[in-house]
Amino acid sequence: MADDIPETAPTKSSSAMWGGRFSAGPSAVMEAINASIDVDQRMADQDIDGSLAHSRMLAATGVISSEDAAAIQRGLEQVRSEIHAGDFPWSKALEDVHMNVEARLKAIIGEPAGRLHTARSRNDQVATDFRLWLRDACDRIDAMLAAYQTALVQQAETHADQVMPGFTHLQTAQPVSLGHHLLSYVEVAQRDRGRFADARKRLNESPLGCAALAGTAFPIDREMTAKALGFDRPMANSLDGVAARDFALEVLSAAAICAVNLSRFAEEIVLWCTRRFGFATLSDAWSTGSSIMPQKRNPDAAELVRAKPGRIIGSLTGLLTVVKGLPLAYSKDLQEDKAPVFQAIDDLELALLSMAGMAADLTFFPAALEEAAGEAYSDATDLADYVVRELGKPFRDAHHISGSIVKLAEAKGVPLSLLPLADMQSVEPAIDDSVFSVLSARASMSSRTSFGGTSPVRVREQVAVWKDRLGC
């Protein structure tokens, strides 16, 4: 059948790629729903790489002649050049990237092109292309996450000594270092990198040679093609090779989690840039204005990153729904696997580029951060710790003492540091004036010297660790 591939679109009577069984061509609607070329043409490089490896293997095993293999390889590289130059004649009538490439190859080299599809099917071909594409995507995303981490680490180093409020329930809780806060997202991004690395490792097996579903009777060398394409090994079960899409689900899952993590920082950027917080600002490069309100300065990039998880989680949910009831081995439903994956990866890559840019661009307002860090009795825990450490009280008793003193300070409308010592002693007589050494936001931040704590000493240590890991 493959020897009859036309140079242009198939006739109305049937598709020369698969139409020997048919006496009439598909309806226009059938052609429209069946075609995937608008989506899968972005896998053209991977398709050509797989075909090059397959043709070399066919020649090495004597399935095709070395002359035919050389012609195929020469023709495929010409096809690649045409695609990169934007001169390739994509045809919806040829359904997908595989048929388009093969038809153009036939137009270039003639009869030898028909031998390329020996011992393979579009089923294992598309599974191979998809794994190669996702492997490349995982590598790109890893590099983007590393760039995002680098921007955060550089900001953390600059602001290791800057105190800011730490929040729980979005209520001021305890003072922390701004550098410490930023480094928390570096840790998160590292876990995201680990999820993509794990997904990449599991998907890096070659379906090529599984053919339609049962393997092939030709004496092929699947180890050779797997090695040529950078796979760790050929897949051991031909049914699994063509039917599996859990590798795509795993990448989408990693993408959804990563997008959610980016969204959390994006939300903080939105809050920090409001006048109500006044902690930071973004430059014109990452801000937009209003068509009606001249004074507006909107952190739209952060807001759009905050929205991306909705699309990416939708892609994951959509693909889960597509594959949930499919029997082995291949069903046409699987043609719907690539659109959500491509869209999700596009969205995530744009979000990562935006977050790295904004992380590097943020300008912080130290006075506002420090003032906010000292609000809402954020040093109350330090007072309780003082009572434990200096007076030997159990922490539960110290907690009650500190809470009672906070109540007195609230009634007088003063911070703990300005509450008269006599008022504190009315709650706990053993307190002396040494207590005032712990009653400031900066003292609170600096006292948290445990491993993983917010003390600037610990923050600078972690900055050094991350600079070494990231090579920045």
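The model shown is predicted, which means the values in this text are computed figures rather than measured ones.

A.B. asks: Help me understand the overall build of the chain, please; the structure alone is not making it clear to me.
C.D. replies: A count of helices and strands for the chain gives 18 helices and six strands. Computed over its C-alpha atoms, the radius of gyration of the chain comes to 31 Å, more than 25% above the 23 Å expected for a compact globule of 472 residues. Each of the three principal axes of the chain carries a C-alpha extent, and together these read 100 × 55 × 40 Å. By residue count, 49% of the 472 residues in the chain fall in the buried class. Expressed as a percentage of contacts within the chain between residues at least 6 apart in sequence, the contacts between residues at least 24 apart total 74%.

A.B. asks: What is the right way to read the packing of helix α6 (residues 122-158) against helix α10 (residues 246-272) from this model?
C.D. replies: For any two helices packed against each other, the geometry is given by the interaxial angle and the distance between the axes. Orientation of α6 relative to α10, taken along the N-to-C sense of each, is 20°, at an axis distance of 11 Å. When the axis of α6 is compared with that of α10, the two are roughly parallel. At the point where α6 passes α10, the crossing takes the left-handed sense. Residues Ala-127, Phe-130, Arg-131, Leu-134, Cys-138, Leu-145, Tyr-148 and Leu-152 of α6 form the contact with α10, whose participating residues are Phe-247, Ala-248, Val-251, Cys-258, Leu-262 and Phe-265. A per-class count over the contact of α6 with α10 returns 13 nonpolar, no polar and one charged.

A.B. asks: Can you walk me through the side chain of Glu-82 in this structure?
C.D. replies: Within the secondary structure layout, Glu-82 lies in helix α4 (residues 66-85). Separated by 2.9 Å, the side chains of Glu-82 and Arg-104 make a polar contact.

A.B. asks: Just checking my understanding: could you explain α10 for this structure?
C.D. replies: Spacing of three or four residues puts side chains on the same side of an α-helix, whose turn is 3.6 residues. In a regular helix each residue adds 1.5 Å, so 27 residues correspond to 39 Å; α10 covers 39 Å between its end C-alpha atoms and thus fits that length. For α10, a buried count of 19 out of 27 residues is recorded, marking the element as mostly surrounded by other parts of the structure.

A.B. asks: How do you make sense of the pattern of salt bridges when you look at a structure like this?
C.D. replies: Between side chains of opposite charge, pairing is possible as soon as their charged atoms come close. Under the defined criterion, the tally for this structure stands at 30 salt bridges. Here Arg-233 makes a salt bridge to Glu-205, at a shortest N to O gap of 3.2 Å. Taken together, the residues Arg-233 in strand β4 (residues 233-234) and Glu-205 in strand β3 (residues 205-206) connect sequence positions 28 residues apart. With relative accessibility at 22%, the residue Glu-205 sits in the partly exposed group. A salt bridge links Arg-245 to Asp-337; its shortest N-O distance comes to 2.5 Å. A residue pair is termed long-range when its members are at least 10 positions apart, and Arg-245 in the loop between α9 (238-243) and α10 and Asp-337 in the loop between α11 (300-323) and α12 (338-361) qualify at 92 residues. Under the relative-accessibility criterion, Asp-337 is labelled buried at 0%.

A.B. asks: Explanation requested: the nonpolar core in the structure shown.
C.D. replies: In globular proteins that are soluble, nonpolar side chains generally tend to be buried together. The biggest cluster of nonpolar side chains holds 72 residues, and the ones touching the most others in it are Tyr-148, Phe-196, Phe-265 and Leu-348. Elements with a contribution of two residues or more to this core: α6, α7 (178-203), α10, α11, α12, α13 (366-373) and α18 (456-470). Other than its neighbours up to four places away in sequence, Phe-196 contacts Cys-138, Ile-141, Leu-145, Val-251, Ala-254, Ala-255, Cys-258 and Leu-348. Of all hydrophobic cores here, the second largest spans 21 residues; its members include Ile-37, Ala-44, Leu-76 and Val-97.

A.B. asks: Is there a simple way to think about α7 in this case?
C.D. replies: With 26 residues, α7 should reach 38 Å at 1.5 Å per residue; the first-to-last C-alpha distance of 39 Å fits that figure. Where α7 begins, the capping side chain belongs to Ser-177, and its oxygen is found 3.1 Å from the backbone nitrogen of Gly-179.

A.B. asks: Where do I start with the environment of Thr-274 in this structure?
C.D. replies: Along the chain, the position of Thr-274 falls in the loop between α10 and β5 (280-281). Along the chain, Thr-274 and Ala-212 lie 62 residues apart, while their C-alpha atoms are 58 Å from each other. Engagement of the side chain of Thr-274 in a polar contact is seen with the backbone oxygen of Leu-271, the distance being 2.6 Å.

A.B. asks: Is there a simple way to think about the confidence of the model for the chain in this case?
C.D. replies: Reading predicted coordinates in detail is not appropriate for stretches of low pLDDT. Predicted confidence across the chain gives a mean pLDDT of 91, with 92% of residues reaching 70 or more. For residues 1-14, every residue scores under 50 in pLDDT, and the model assigns this stretch 36 contacts once sequence neighbours within four places are set aside.

A.B. asks: Mind showing me how you'd approach the state of the cysteines here?
C.D. replies: Working definition: the covalent bond between the sulfur atoms of two cysteines is a disulfide. Counted under the stated rule, the structure contains zero disulfides. Left unpaired, Cys-258 is separated from the closest cysteine sulfur, that of Cys-138, by 11 Å.

A.B. asks: So what exactly am I meant to see when it comes to the packing of aromatic side chains here?
C.D. replies: By convention here, two paired aromatic rings are described through the distance between centres and the angle between planes. This model, assessed by the stated rule, comprises nine aromatic pairs. Centroid distance Phe-265 to Trp-272: 6.0 Å. Interplanar angle 75°. Geometry classified as edge-to-face. Considered together, Phe-265 and Trp-272 belong to a single accessibility category, that of buried residues. Connected via pairs of aromatic rings, a cluster forms that spans Phe-130, Trp-133, Phe-247 and Phe-342. Above the plane of the ring of Phe-247 lies Arg-131, whose end atom (NZ or CZ) is 4.1 Å from the centre. The positively charged end of Arg-135 is found above the aromatic ring belonging to Phe-231, 5.1 Å away from the centroid.

A.B. asks: I'm lost on the side chain of Gln-73 in this one. Help?
C.D. replies: Structurally, Gln-73 can be placed in helix α4. Within polar-contact distance, the side chain of Gln-73 engages the side chain of Ser-55 at 3.4 Å. Excluding residues within four positions of it along the chain, Gln-73 makes contact with Leu-52, Ser-55 and Arg-56.

What counts and what doesn't
- Residues numbered from 1 in each chain as written.
- Predicted model: local features only at pLDDT ≥ 70, side-chain atom pairs only at ≥ 80, totals over all residues.
- Heavy atoms only, no water.
- Helix = DSSP H or I, 4+ residues; strand = E, 2+ residues; numbered from the N terminus.
- Rg over C-alpha atoms; globule rule 2.2 N^0.38 Å.
- Buried < 20%, exposed > 50% of the residue type's maximum accessible area, 1.4 Å probe, protein only.
- Contact = heavy atoms within 4.5 Å.
- Axes fitted to C-alpha atoms, helices over the stretch in contact; angles between N-to-C directions.
- Parallel < 35°, antiparallel > 145°, perpendicular 65-115°, else oblique.
- Left-handed = near helix turned anticlockwise from the far one by under 90°.
- Nonpolar A, V, L, I, M, F, W, Y, C, P; charged D, E, K, R; others polar.
- Polar contact = N/O pair within 3.5 Å; in protein donor to acceptor, adjacent residues only side chain to side chain.
- Expected span 1.5 Å × (residues − 1).
- Salt bridge = Lys/Arg side-chain N within 4 Å of Asp/Glu carboxyl O.
- Core = buried A, V, L, I, M, F, W, Y, C linked by side-chain atoms within 4.5 Å.
- pLDDT = per-residue confidence, 0-100.
- Disulfide = S-S within 2.5 Å.
- Phe/Tyr/Trp six-rings, centres within 6.5 Å; stacked < 30°, edge-to-face > 60°.
- Lys NZ or Arg CZ within 6 Å of the ring centre and 35° of its normal.

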